[in-house]
Amino acid sequence: MNWRIGQLQSQHEACLAIVEDIQARSLQIWDRPAAVEITLMLARLTGILRIHLALEDEILYPALRNASDPAMARTAERYWQEMGGLADAFLDFVDRWKRADALLADADGFRAESARVFAALADRIDREHEEIYPMAERLRAAKAA
């Protein structure tokens, strides 16, 4: 197992900072430059999440799902299954709002949908920090012993 929980946590922090910026700037979608800026932030957020999810899907979750501790394996499996739905919802959201024209046409719709999607993302991040990452550290310590 070669994952770095600190790296995953840093990616979470970067995502949350971008989300905060998007939400603040979404209150001022008055012209094309403002809308373009948000689309660029969405692209940056998507890039970080794609890398993050690849690390989790290829390294972290397989190790946890194959843990000898059945409770750990079940928890990891549940989180892994849930993440597929959240990732799909996020990508659908980005696909709808990746163009400045869409933001300009329905800024209120963007704000409402982004609030829901970003709340789900923040909840997931909190849950991973509370349950998955400590579990991963316990598994790493057990394998090192």
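Up top is the structure.
The structure reproduced in this document is the subject of the present report. (Residues numbered from 1 in each chain as written. Predicted model: local features only at pLDDT ≥ 70, side-chain atom pairs only at ≥ 80, totals over all residues. Heavy atoms only, no water.)

## Some remarks on the nonpolar core
Grouped together as the largest cluster of nonpolar side chains are 25 residues, with contacts concentrated most on Ile 22, Leu 45, Phe 93, Phe 110 and Phe 118. When residues of this core are traced back to their parent elements, those giving at least two are helix H1 (5–25), helix H2 (32–65), helix H3 (70–97), helix H4 (100–105) and helix H5 (107–144). With seven residues, the single largest contributor to this core is H2. Once you skip the residues sitting within four places of it in the chain, Phe 93 turns out to touch Leu 42, Phe 110, Glu 113, Ser 114, Val 117 and Phe 118. Residues Leu 8, Ala 63, Tyr 79 and Met 135 belong to the second largest nonpolar core, which totals 15 residues. (Core = buried A, V, L, I, M, F, W, Y, C linked by side-chain atoms within 4.5 Å. Buried < 20%, exposed > 50% of the residue type's maximum accessible area, 1.4 Å probe, protein only. Helix = DSSP H or I, 4+ residues; strand = E, 2+ residues; numbered from the N terminus. Contact = heavy atoms within 4.5 Å.)

## Here we look at the environment of Gly 84
With respect to the helices and strands, the residue Gly 84 is situated in helix H3. Between the alpha carbons of Gly 84 and Ile 48 there is a distance of 16 Å; along the sequence they are 36 residues apart.

## Some details on the packing of H1 against H5
Interhelical geometry of H1 versus H5 gives an angle of 165° and a closest axis separation of 11 Å. Overall, the two elements H1 and H5 adopt an arrangement that is roughly antiparallel. Note on packing geometry: the crossing formed by H1 with H5 is left-handed. Split by residue class, the contact of H1 with H5 holds 13 nonpolar, five polar and three charged. (Axes fitted to C-alpha atoms, helices over the stretch in contact; angles between N-to-C directions. Parallel < 35°, antiparallel > 145°, perpendicular 65-115°, else oblique. Left-handed = near helix turned anticlockwise from the far one by under 90°. Nonpolar A, V, L, I, M, F, W, Y, C, P; charged D, E, K, R; others polar.)

## Description of the packing of H1 against H2
It is the contact of H1 with H2, at a shortest axis distance of 10 Å, that shows an interaxial angle of 155°. When the interaxial angle is binned, H1 and H2 end up roughly antiparallel. Relative to H2, H1 is oriented so that their crossing is left-handed.

## Re the pattern of salt bridges
Inspection of every chain in the model, using the stated rule, returns 12 salt bridges. Notably, a salt bridge pairs Arg 25 with Glu 37, separated by 2.6 Å at the nearest N-O pair. Placement of Arg 25 in helix H1 and of Glu 37 in helix H2 is noted, with a sequence separation of 12 residues between them. Residue Glu 37 is classed as partly exposed on the basis of its relative accessible area of 33%. For the salt bridge of Asp 108 with Arg 111, the shortest nitrogen-to-oxygen distance reads 2.4 Å. Pair noted here: Asp 108 and Arg 111 are both in helix H5, with a separation of three residues, about one helical turn. You can call Arg 111 partly exposed: its relative accessible area is 24%. (Salt bridge = Lys/Arg side-chain N within 4 Å of Asp/Glu carboxyl O.)

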